[in-house]
Amino acid sequence: MTVNEQMEKQGIWLFRFRGILPLIVLGFAFYQYMLTELYPERYLLEETHYEIYFEIFCLAVSIFGLAVRIWTVGYTPANTSGRNVKGQVADELNTTGLYSVVRNPLYLGNFMMWLGIAMLTMNVWFVVAFILFYWLYYERIIHAEEQYLIRKFGERYIAWVNKTPCFIPRFKGYVRPTLKFSWKKVIKKEKNGLLALLLIFSIMDIIGELVVNEPPKYMSIAIITAVVLVAYFIIKYIKRNTSLLEERGR
């Protein structure tokens, strides 16, 4: 088996279990965050008035990543840019919108979302380890996806690859999306990401402060999380029992 075949095989396997990556990152991030709370003298910004601004910045980085996902998903047609895990699905080749400036905008959004959480630990080495782990993990997934798309779309895909960077956006040559933005699709597809993000920041703050016998710093985020949690179950009910969120071709 060639190296190319090995990477594709690994990528297919990792694609099926790519939902595990957030759990791995979350577990290590939570542990490092607890160390930050318990031993603040080990970290540059702890016990200074800059700490709160840095943590807000971390949340902003994660929210930016979610915004990238929302922007991407909102302009895509059905059976593309999905959360499928059983195998690759691509009825069409997306080449407009964010796909005209970067080939993997959803993975870029994921990276920014989890980078914010990794940064929250204030551990430089953990952040570096996360970046390397994410790179190795998704390098193989992207490789497997590209092999699938080459076989399906041929020269059209290769032509798009040759002018579009893989992960670092190049905004020169941006092409407007061909479809209108669909909030219905965003609500259906990205509600999980928003809720998970807010829950993670809220729980880490609450537990982290309880460990050191202090009140949570960001009760406003906890309140927003509670509201989003209620909205999440309402949307789940609407999606399961009505057609309000259905949209032809999206």
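Residues numbered from 1 in each chain as written. Predicted model: local features only at pLDDT ≥ 70, side-chain atom pairs only at ≥ 80, totals over all residues. Heavy atoms only, no water.

Novice: Looking at this structure, I do not really get the overall build of the chain. What am I missing?
Specialist: Scanning the chain for helices and strands turns up 8 helices and 0 strands. Order of helices (α) and strands (β) in the chain, N terminus to C terminus: α-α-α-α-α-α-α-α. In terms of overall size, the chain behaves like a compact globule, its C-alpha atoms giving a radius of gyration of 20 Å where 250 residues would be expected to give roughly 18 Å. Expressed as a percentage of its 250 residues, the buried residues of the chain come to 44%. By element, 67% of the accessible surface of the chain is carried by carbon and sulfur atoms, the whole surface being about 14300 Å². Charged side chains in the chain number 28 positive and 20 negative. The centres of these two groups are separated by 14 Å. (Helix = DSSP H or I, 4+ residues; strand = E, 2+ residues; numbered from the N terminus. Rg over C-alpha atoms; globule rule 2.2 N^0.38 Å. Buried < 20%, exposed > 50% of the residue type's maximum accessible area, 1.4 Å probe, protein only. Areas by Shrake-Rupley, 256 points an atom, 1.4 Å probe, with all protein chains shown as cover. Lys, Arg positive; Asp, Glu negative; His and termini not counted. Charge placed at Lys NZ, Arg CZ, Asp CG, Glu CD.)

Novice: What is the right way to look at the pattern of salt bridges in this model?
Specialist: Overall, the coordinates contain 4 salt bridges when judged by the stated rule. Here Arg151 and Glu8 are joined by a salt bridge, their closest N and O atoms 2.5 Å apart. With Arg151 in helix 5 (residues 124-153) and Glu8 in helix 1 (residues 3-16), the pair connects residues that are 143 residues apart, well separated along the chain. (Salt bridge = Lys/Arg side-chain N within 4 Å of Asp/Glu carboxyl O.)

Novice: Where do I start with the nonpolar core in this structure?
Specialist: The nonpolar side chains of soluble globular proteins are, as a tendency, buried together. Within the largest apolar cluster, 39 residues are counted, with the highest numbers of intra-cluster contacts made by Leu115, Ile117 and Phe130. Listing elements by their share of this core, those giving two or more residues are helix 1, helix 2 (20-38), helix 3 (51-74), helix 4 (105-119), helix 5, helix 7 (183-211) and helix 8 (219-241). In terms of residue count, the dominant contributor to this core is helix 4 (9 residues). Excluding anything up to four places from it in sequence, Phe130 contacts Val25, Phe111, Trp114, Leu115 and Ala118. If you look at the next biggest cluster of nonpolar residues, it comprises 8 residues, including Leu93, Tyr99, Leu106 and Phe153. (Core = buried A, V, L, I, M, F, W, Y, C linked by side-chain atoms within 4.5 Å. Contact = heavy atoms within 4.5 Å.)

Novice: Explain a nonpolar patch on the surface here, please?
Specialist: Taken together, the side chains of Leu38, Tyr39, Leu199, Ile203, Ile206, Ile207, Leu210 and Val211 define a hydrophobic patch exposed on the protein surface, amounting to about 620 Å² of accessible area. No other element matches helix 7, which puts 6 residues into the nonpolar patch. Following the sequence through the fold, Ile206 ends up in helix 7. A relative accessible area of 30% places Ile206 in the partly exposed class. (Patch = residues over 30% accessible without salt bridge, like charges linked within 9 Å, V, L, I, M, F, W, Y side chains within 5 Å.)

Novice: Help me out: how do you make sense of the packing of aromatic side chains in this one?
Specialist: Aromatic ring pairs: the centre-centre distance and the angle between the two ring planes describe each pair. Inspection of every chain in the model, using the stated rule, returns 14 aromatic pairs. For the ring pair Tyr107 and Tyr138, a centre distance of 4.6 Å and an interplane angle of 50° mean the geometry is tilted. Residue Tyr107 is found in helix 4, and its partner Tyr138 is found in helix 5; the two are separated by 31 residues along the sequence. Here the two residues Tyr107 and Tyr138 agree in accessibility, since each one is buried. Chaining the aromatic ring pairs together yields one cluster made of Tyr107, Phe111, Phe130, Phe133, Tyr134, Tyr137, Tyr138 and Phe167. (Phe/Tyr/Trp six-rings, centres within 6.5 Å; stacked < 30°, edge-to-face > 60°.)

Novice: Would you mind showing me how to read the environment of Phe133 here?
Specialist: Mapped onto the secondary structure, Phe133 falls in helix 5. Residue classification places Phe133 among the partly exposed residues on the basis of a relative accessible area of 31%. With 108 residues separating them in the primary sequence, Phe133 and Val25 have C-alpha atoms 9.3 Å apart. When sequence neighbours within four positions are dropped, the list of residues in contact with Phe133 reads Leu21 and Ile24.

Novice: Help me understand helix 5 in this model?
Specialist: Counted at 1.5 Å a residue, the expected span for helix 5 with its 30 residues is 44 Å, and the 41 Å between its end C-alpha atoms agrees. Of the residues flanking the start of helix 5, the one acting as N-cap is Asn123, its side-chain oxygen 3.0 Å from the backbone nitrogen of Trp125. Gly154 occupies a position one or two residues after helix 5 and carries a positive phi of about 60°. (Expected span 1.5 Å × (residues − 1). Polar contact = N/O pair within 3.5 Å; in protein donor to acceptor, adjacent residues only side chain to side chain.)

Novice: Any chance you could explain the packing of helix 3 against helix 7 here in plain terms?
Specialist: For any two helices packed against each other, one specifies the inter-axial angle together with the distance between the axes. One way to put it is that helix 3 packs onto helix 7 with a least axis distance of 9 Å and a crossing angle of 165°. Taken together, the axes of helix 3 and helix 7 lie roughly antiparallel to each other. Where helix 3 crosses over helix 7, the two elements pack in a sense that is right-handed. Residue-level inspection shows Glu55, Cys58, Leu59, Ser62, Ile63, Leu66, Arg69, Ile70, Val73 and Gly74 of helix 3 in contact with helix 7, the latter providing Trp183, Lys185, Val186, Lys189, Glu190, Gly193, Leu194, Leu197 and Phe201. (Axes fitted to C-alpha atoms, helices over the stretch in contact; angles between N-to-C directions. Parallel < 35°, antiparallel > 145°, perpendicular 65-115°, else oblique. Left-handed = near helix turned anticlockwise from the far one by under 90°.)

Novice: Just to check I follow, could you spell out the environment of Val68 for this structure?
Specialist: Of note, Val68 is situated in helix 3. Taking the C-alpha atoms as reference, Val68 lies 16 Å from Thr80; in sequence the two are 12 residues apart. With sequence-adjacent residues up to four places away left out, Val68 is seen in contact with Leu98, Pro105 and Gly109.

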